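An overview of the molecular structure
Here is how the chains run, residue by residue.
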Amino acid sequence: MRTTRTVPARPVPITALVLATAGALLLTPHTAVAEPRPPVHREAAPDTNAARTPLSAALRALAGGTNAESAAESASAAVLGDDSRGYPRRQVLSPDPENPADKSVKLGLTPYHAIAPRLNALQALGDRVSVEVAGRSAGGHRLYLVTVTAPENARQARAQARMRELIENAPALAAKSPEIARAYKAPVFLNNNIHGNEWEGTDASLKLIERLAGADDSATRELLAHSRLYFNITANPDGRIAGTRANAGGFDLNRDFVTASQPEVRAMRRIMIDKQPAVMLDLHGYVNGTLIEPTTPPHGENYEYDLFLKNTYANALGMEAAVNGLGHTPEKDGVQPAQIPFRDQEEGWDDWPPIFTPQYAAYHGTVAAHTVEIPLRVNNADYASLPVTELRRRSAINVDVAGAALRATLDFVRTRRASLVADQIEVFRRGAAGAAQVPVSEETVPGVPGIGPEDVYTTTFPRAYVIPAGRAAQRSATAAARLVDHLLANDVRVTRAPHDFRLGSRTYAKGSYVVDLRQPKRGLANALLADGRDISDEVSVMYDISGWSLGRLWGASVEPVTRGSLAGVPLRPVSAAAPVGSVAPRGDLRLRLDDPREIAALNSLLRLGVPARRAADGSAIVPASARSKAEAAARTYDVAFDATTARGTAPLSRTRVAAAVTPGELLALREMNFEVTPVSTGVLNAGFDWSAVDVLFVSTGLDHDDLTAGARDALDAFLDGHGLVGRGATGAELNAAAGLLAVKPVEGNGDANGVVRVANSGSALMTGSPSHSFVYAPVWFTDLGPGVRVEQSYAGGNPLVSGHWRPSRDGAGGPADAAGRAAVVSGPGAVLFGTEPLFRDHPKGEFAQVGRALFGTAQADGRR
């Protein structure tokens, strides 16, 4: 569920205004109270417990990465992308063990262990239903992709693939193709249960598949003859079973599409790339009445928003009519009329960041994409407190509502197939041609009432981005390679220069990568690489993150080129970044620690007993005697070991971390190959063996005041001789309770987030750090006591580059208050971060700051 402010902004029917008085209208015995302002689902606001993610889930997520997919993911991708087979594609799924603890059971819904037998039965109903395994979840559960379409032989399937490729790769030709106009099957993606405790979309889809499998009416035959319907049955089986929003890795999958840290998100990404849906639904819960996108401003500036709004609004009207046509009422069963945010609300439910499934889908050519929030709450406190009969009543209504939205969407696809495909072609044509975006207005998007200047968001695309080659141009060649592979995994086209070349006003070295923005998916390329935009003055509130930038946050140098021609530049398409791992042939070796993979490589060597030493600049010195081990690490982590004559200072040793952190931070620590033991207030109160760890990292879930006397004494004793790395308000509070660094933490606006400019010190801690960082509820430090060193400061003026950061209601806590203030401080035994260097496993270029902090505090003398 996402959050909204229900402030009517445009002329709307009276039925749409009833939401404001929903609480007074609900008269049933167990009323499902409308939630016009549910709490924002921020990283740690609703649940401040420290992450306890199983190591197995983390390893499964990390095995997939963007540099080299895991064997299982590669196999699934090969199956999904196989165009040599026709439909149906039958397979018999082995059953899962029955699990009576599955949280779906209480609601009368389909438990995960019943899905495989159900899909086997659906395949047996005829020749329209096919089932494939699209991957595995973080918890190891199968992800099922069901395709429903009229039968195709292998030749027909290859023809569909050829037309799909023509639409993306040669859109100008595709627009004129009579074959596409006549025979192309419009792809539709129906995504269910991405939040594990929003269950009912799965059951609605299973019911719909069953009906489609056997229906013989002319409308169904026409639909399946001219479309392919792809159902992701449950995008989050881990959460479905456990009754949690997150997967087994602790991640909200509907926040992960920029980073794709989780296997479930990589599977959905692969579906969107391979199937190229023109229409998609993402079924969620719970907002009463049913909420059906399109959204309020701000709208993503990299979309072809005129085409997107035209189709998304039209389909929303059909879904609204279908949902309201079910006959549910506030008086009879506590169900409010459906609402469309674009029409019915002012702000607070935006489509600005590409972290949400429908918004990410738009960058792959989807021209009608919706989050649909079904009405009646059955999760969280309601799940625990309401009678089973009431929960099942609500779930049955929710399945009914989700089914109505699904059926209306299929009617929309059946009647508008030709125009939907034509608009998808136009999205790709504009990108490939470098055509200007079309600002939305009542003239450019006829049929959508109430469009105003507040809805106009466009951007100016650069001609290209260059990721320069060479040590002088890059802080980290490893970071550049990772970024290139991530772009390719997102279906962004990347080329490489075999010779030096000149572009714009600069000469670039051979081996530099070029991202030409004249490509079909230019919007996605720009959304990932651009700085972004400060939208603080545009709206008063945002739902979630408002700034992100792989160009600023991933540790690689990325340069936009605003003018110049690529016509004479010798560029070759690449399918993977060139390896950068290397080891100098003789002498001792120096490993820079500017990148998480370099930290991971060092940790792997330390585990093997390699006697590495820390250099004055923060890098690691590895003795020549460990060259064979360094060669293995270079291959595994794609890092470079240079020759050095430096001897190093202090020895480096295995660093075992106790971590009370968010799921994203826990995964980032494991990505850097630290040996991590998750802890929390509860874990320490139960008794914890501090001798098994060397340093404590705290950002959430550990409150000094809530510890028992024994646990507090044990923690204080540990911190008396070991280090603390703290992040945010919680880390600063523990620092104060332990009496470590004499600083005053100041909390900025808790709703602020985005990319900020920073100034780094020249110390070993900040060596190689980018000049940008990420904040989410920013903190800074004042009143610095003796021995406290400023490692990083917020830049002067307005430090916000992109995102949303206003002062709080009292006028304080804005970017002007943070300007020039300390963002990261250090001292004997502690380092405190006011930024978010590991946020959701995303800002890769910041990770090494935490890695170096952990090494430094673990191996310093603390307060001894």
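Check the entry above for the structure.
To start, this report covers the structure provided alongside it. Owing to the predicted nature of the structure, the values given are computational and were not obtained by experimental measurement. Numbers given to residues run from 1 along each chain, matching the order in which its sequence is written. Local features are withheld for residues below a pLDDT of 70 in this predicted model, meaning they are given only at 70 or higher, and side-chain atom pairs are given and counted only at 80 or more; totals for whole chains, interfaces and linings count all residues. As a rule here, side-chain values come from all non-hydrogen atoms in the structure, and water together with hydrogens is ignored.

**Focus on the overall build of the protein**
What counts here: Numbering goes from the N terminus for both helices and strands, where a helix is a DSSP run of H or I of at least four residues and a strand is a run of E of at least two. The reference for a compact globule is 2.2 Å times residues^0.38; the radius of gyration itself is calculated from the C-alpha atoms. When a residue's accessible area, from a 1.4 Å probe over protein chains only, is under 20% of the maximum for its type it is buried; when over 50% it is exposed; and in between it is partly exposed. Residues counted as positive are Lys and Arg, residues counted as negative are Asp and Glu, and His and the chain ends are not counted. Every charge is mapped onto a representative atom, which is NZ of Lys, CZ of Arg, CG of Asp or CD of Glu.
When helices and strands are tallied, the protein shows 29 helices and 33 strands. Compactness check: the protein gives a C-alpha radius of gyration of 27 Å against a globular reference of 29 Å for 864 residues, within 12% of the reference. The C-alpha extent of the protein, read off along each of the three principal axes, is 80 × 70 × 55 Å. Classification of the 864 residues of the protein by burial places 61% in the buried group. When the 90 positive and 92 negative side-chain charges of the protein are each reduced to one mean point, those points stand 6 Å apart.

**Observations concerning the side chain of Gln345**
Where we set the bar: Pairs of N or O atoms are called polar contacts if they sit within 3.5 Å, as long as, within protein, a hydrogen donor faces a hydrogen acceptor (for residues adjacent in sequence, only side-chain-to-side-chain pairs).
One can find Gln345 in the loop between α15 (341-344) and β8 (350-351). A relative accessible area of 1% places Gln345 in the buried class. At 2.4 Å, the side chain of Gln345 forms a polar contact with the side chain of Gln339.

**What about the environment of Glu222?**
Examined against the element boundaries, Glu222 turns out to sit in helix α10 (residues 218-225). On a C-alpha basis, the gap between Glu222 and Ala433 in space is 34 Å, while along the polypeptide they are 211 residues apart.

**Let's talk about the packing of helix α22 (residues 596-607) against helix α23 (residues 627-637)**
Quick note on the threshold: For helices, the axis comes from a line fit to the C-alpha atoms of the stretch in contact; other axes are also lines fit to C-alpha atoms, and the angle between any two N-to-C directions lies between 0 and 180 degrees. In this scheme, a crossing is called left-handed if the near helix is turned counterclockwise away from the far one by less than a right angle; it is called right-handed if the turn is clockwise. The contact definition used throughout considers only heavy atoms, calling two residues in contact when any of these lie within 4.5 Å. Each residue receives one of three labels: charged for Asp, Glu, Lys and Arg, nonpolar for Ala, Val, Leu, Ile, Met, Phe, Trp, Tyr, Cys and Pro, and polar for the others, Gly being one of them.
Orientation of α22 relative to α23, taken along the N-to-C sense of each, is 145°, at an axis distance of 10 Å. In the crossing of α22 with α23, the sense of the turn from one axis to the other is right-handed. Contacts from Arg597, Ala600, Ala601, Ser604 and Leu605 of α22 reach α23 at Lys629, Ala630, Ala633 and Tyr637. Of the residues contributing to the contact of α22 with α23, the split by class is six nonpolar, one polar and two charged.

**Thoughts on the packing of aromatic side chains**
Heads up, the condition is: Stacked, edge-to-face and tilted are the three classes for Phe, Tyr and Trp ring pairs, Trp counted by its six-membered ring, which pair at centre distances within 6.5 Å; planes under 30 degrees apart are stacked, over 60 edge-to-face, the rest tilted. To sit over a ring, a charge needs its Lys NZ or Arg CZ within 6 Å of the ring centre and within 35 degrees of the ring normal.
Applying the stated criterion to the full structure yields 18 aromatic pairs. Considering the side-chain rings of Tyr112 and Tyr144, the 6.1 Å spacing of their centres and the 20° angle between planes classify their relative orientation as stacked. Of this pair, Tyr112 sits in the loop between α4 (71-80) and α5 (115-123) while Tyr144 is found in strand β2 (residues 142-148), placing the two residues 32 residues apart along the sequence. A single burial state applies to Tyr112 and to Tyr144, both of which are buried. Centroid distance Phe356 to Tyr543: 6.0 Å. Interplanar angle 45°. Geometry classified as tilted. Residue Phe356 is located in the loop between β8 and α16 (357-362), and its partner Tyr543 is located in the loop between α20 (522-529) and α21 (550-553); the two are separated by 187 residues in the primary sequence. Across the pair, exposure class does not vary: Phe356 and Tyr543 are buried alike. One aromatic cluster is present, formed by Tyr303, Tyr305, Phe308 and Tyr363 through successive ring pairs. The cationic tip of Lys106 hangs over the ring face of Tyr383; the distance from NZ or CZ to the ring centre is 4.5 Å. A cation over an aromatic ring shows up here: Lys844 above the ring of Trp554, its NZ or CZ 5.8 Å from the ring centre.

**A short note on the sheet that holds strand β15 (residues 559-561)**
For the record, the criterion: Paired strands are those between which DSSP finds at least two bridges.
Read across the sheet, five strands follow the order β15-β10-β14-β11-β16 without closing on themselves; strand pairing throughout is antiparallel. Here the strands that pair on one side only, and so sit at the sheet edges, are β15 and β16 (572-573). Where strand β10 (residues 464-467) lies against β15, three bridges are found, and the strand directions are antiparallel. Bridging across to β15, Tyr465 finds its partner in Pro560. Its contacts with the sheet put helix α19 (residues 477-489) on β10 and β14 (513-516), and the angle it makes with β10 is roughly 145°.

**Re the nonpolar core**
What counts is decided by this rule: Put simply, a nonpolar core is a bunch of buried Ala, Val, Leu, Ile, Met, Phe, Trp, Tyr and Cys residues held in one set by side-chain atoms that sit within 4.5 Å of each other.
Residues Leu119 and Phe231 are the most contacted members of the largest nonpolar core, which totals 150 residues. Broken down by element, the residue count for this core peaks at 17 residues, all from helix α18 (residues 388-433). Counting 56 residues, the second-largest nonpolar core is a separate cluster that includes Leu591, Ala612, Val661 and Phe847.

**Focus: unusual backbone geometry**
Leaving glycine out, the prevailing phi sign among residues is negative, and the prevailing peptide bond configuration is trans. Cis geometry is adopted by the peptide bond preceding Pro88, which originates at Tyr87 and carries an omega value of 10°. Turning to its location among the elements, Pro88 is positioned in the loop between α4 and α5. Although it is not a glycine, Arg840 adopts a positive phi angle of roughly 50°. Along the chain, Arg840 turns up in the loop between β33 (830-833) and α29 (847-859).

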